[in-house]
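Remarks on the overall topology
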Amino acid sequence: QVQLLESGGGLVQAGDSLTLSCAISGRADLSAMAWFRQAPGQEREFVGSIWLDNKLYGDSVKGRFAISRDFAENALKLQMNNLKPEDTATYYCAGRTGMAAFLTQQHLYPYWGQGTQVTVSS
């Protein structure tokens, strides 16, 4: 029904900025979308979500990251500023077609991309 494809990851230095994109294909209206990240050996962590006019961020990225929908390009974006080594992870794009409470939980998102790697050096 829908495919999500992340891009924009790479190797950067601490303090740098990076913008991730998630291209949305297929015929579906994704009412809520989110970014999650996961480092090797770690649990998947909530980064940010967006639905209607609302946005939420994880405490570790609040004030540094900004999530947005580009409806013209049919894409989800994540602007990442002042990157830190602890931001190093594989970043995943996720979406759902219906609304629900507690949109920080990964089980609420049936659609996922394969991830893009972000590495931040000291």
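Above this text sits the structure in question.
Report follows, based on the coordinates. Values in this document were obtained by computation on a predicted structure and should not be read as measured data. (Residues numbered from 1 in each chain as written. Predicted model: local features only at pLDDT ≥ 70, side-chain atom pairs only at ≥ 80, totals over all residues. Heavy atoms only, no water.)

The next subject is the environment of G48. Relative to the helices and strands, G48 is located in strand β5 (residues 45–51). According to the relative accessible area criterion, G48 is buried, its value standing at 0%. Along the primary structure G48 and N81 are separated by 33 residues, whereas in three dimensions their C-alpha atoms are 14 Å apart. Beyond its immediate stretch of four places on either side in the chain, G48 contacts M33, A34, W35, L56, Y57 and I67. (Helix = DSSP H or I, 4+ residues; strand = E, 2+ residues; numbered from the N terminus. Buried < 20%, exposed > 50% of the residue type's maximum accessible area, 1.4 Å probe, protein only. Contact = heavy atoms within 4.5 Å.)

The next thing to look at is the pairing of strand β8 (residues 75–80). Within β8, five of the six residues are buried, which leaves it mostly tucked inside the rest of the structure. The pairing of strand β3 (residues 18–25) with β8 spans six bridges and is classified as antiparallel. Note that in β8 the partner of S21 across the bridge is K77. By the bridge criterion, six bridges tie strand β7 (residues 65–70) to β8 in an arrangement that is antiparallel. Residue pairing across strands places D70 opposite A75, the latter belonging to β8. Here β7 folds back onto β8 in antiparallel fashion, the turn holding four residues, of which N74 has a positive phi close to 55°. (Pairing = 2+ DSSP bridges.)

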